[in-house]
Amino acid sequence: MVAALTARCQGCESVSARVHSRYRRTLADAAIAGRVVTVQLVVRRFFCPNRDCSAKTFAEQVAGLTVKWSRRTSQLTSMLVAIGLAMAPPARPSTCACRSPRRSR
């Protein structure tokens, strides 16, 4: 296990070394050879040292892997967005009121 000694609060950017607790976080990842992949992490919560910050505690984030509140890896999210855009029907400008030219009678 490799972990930094400190973490930065996302709310106020203060650095903290005071650990509040630890919890297990499970993320869905892109399938490999048709097999489901999950990533299990033990994440620490830290106390925010800034008394004026609205976040009393915050969870550390793993750069390039986790995003606040996400249950998927960044890679899987990017793949799902690309699939959704590829599968979506093309936009029809004729249905948009703002693009249709005004015609006089």
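The structure under discussion appears in the preceding block.
Below is a summary of the structure that appears in this document.

Definitions and cut-offs
Residues numbered from 1 in each chain as written. Predicted model: local features only at pLDDT ≥ 70, side-chain atom pairs only at ≥ 80, totals over all residues. Heavy atoms only, no water. Helix = DSSP H or I, 4+ residues; strand = E, 2+ residues; numbered from the N terminus. Buried < 20%, exposed > 50% of the residue type's maximum accessible area, 1.4 Å probe, protein only. Contact = heavy atoms within 4.5 Å. Areas by Shrake-Rupley, 256 points an atom, 1.4 Å probe, with all protein chains shown as cover. Polar contact = N/O pair within 3.5 Å; in protein donor to acceptor, adjacent residues only side chain to side chain. Pairing = 2+ DSSP bridges. Axes fitted to C-alpha atoms, helices over the stretch in contact; angles between N-to-C directions. Core = buried A, V, L, I, M, F, W, Y, C linked by side-chain atoms within 4.5 Å.

## A look at the overall build of the protein chain
Here comes step 1: The helix and strand tally for the protein chain stands at one helix and five strands.
Here comes step 2: When each of the 105 residues of the protein chain is scored for burial, the buried share is 20%.
Here comes step 3: Within the protein chain, residue pairs in contact and separated by at least 24 positions form 49% of the contacts whose partners lie at least 6 positions apart.
Here comes step 4: Entry remark: accessible area of the protein chain is about 8600 Å², with carbon and sulfur atoms responsible for 56%.

## Examining the environment of R8
Here comes step 1: Mapped onto the secondary structure, R8 falls in strand 1 (residues 7-8).
Here comes step 2: Assessed through its relative accessible area of 47%, R8 is described here as partly exposed.
Here comes step 3: With 38 residues separating them along the chain, R8 and F46 place their C-alpha atoms 8.9 Å apart.
Here comes step 4: Apart from the residues lying within four places of it in its own chain, the contact partners of R8 are E13, S14, V15 and F58.
Here comes step 5: A polar contact is formed between the side chain of R8 and the backbone oxygen of E13, at a distance of 2.8 Å.

## Describing the sheet that holds strand 4 (residues 35-47)
Here comes step 1: Taken in spatial order, the three strands line up as 3-4-5 in an open sheet, and their pairing is antiparallel. On the outer flanks of this sheet lie strand 3 (19-32) and strand 5 (57-59), each paired with one strand and no other. Looking at each pair of strands side by side, their axes are set apart by 25 degrees on average, direction ignored.

## Quick look at the nonpolar core
Here comes step 1: If you look at the biggest cluster of nonpolar residues, it comprises six residues: A7, C9, F46, C48, C53 and F58.
Here comes step 2: Membership of the second largest hydrophobic core comes to five residues, among which are L27, V39, V43 and A59.

## Overview of the pairing of strand 4
Here comes step 1: Across eleven bridges, the pairing between strand 3 and strand 4 is antiparallel. Its bridge partner being in strand 4, Y23 is matched across the sheet by V43.
Here comes step 2: Where strand 3 hands over to strand 4, the hairpin turn is made up of two residues, of which A33 adopts a positive phi near 55 degrees.
Here comes step 3: Here strand 4 pairs with strand 5 via three bridges, running antiparallel. In the sheet register, F47 faces strand 5, and the bridge partner there is T57.

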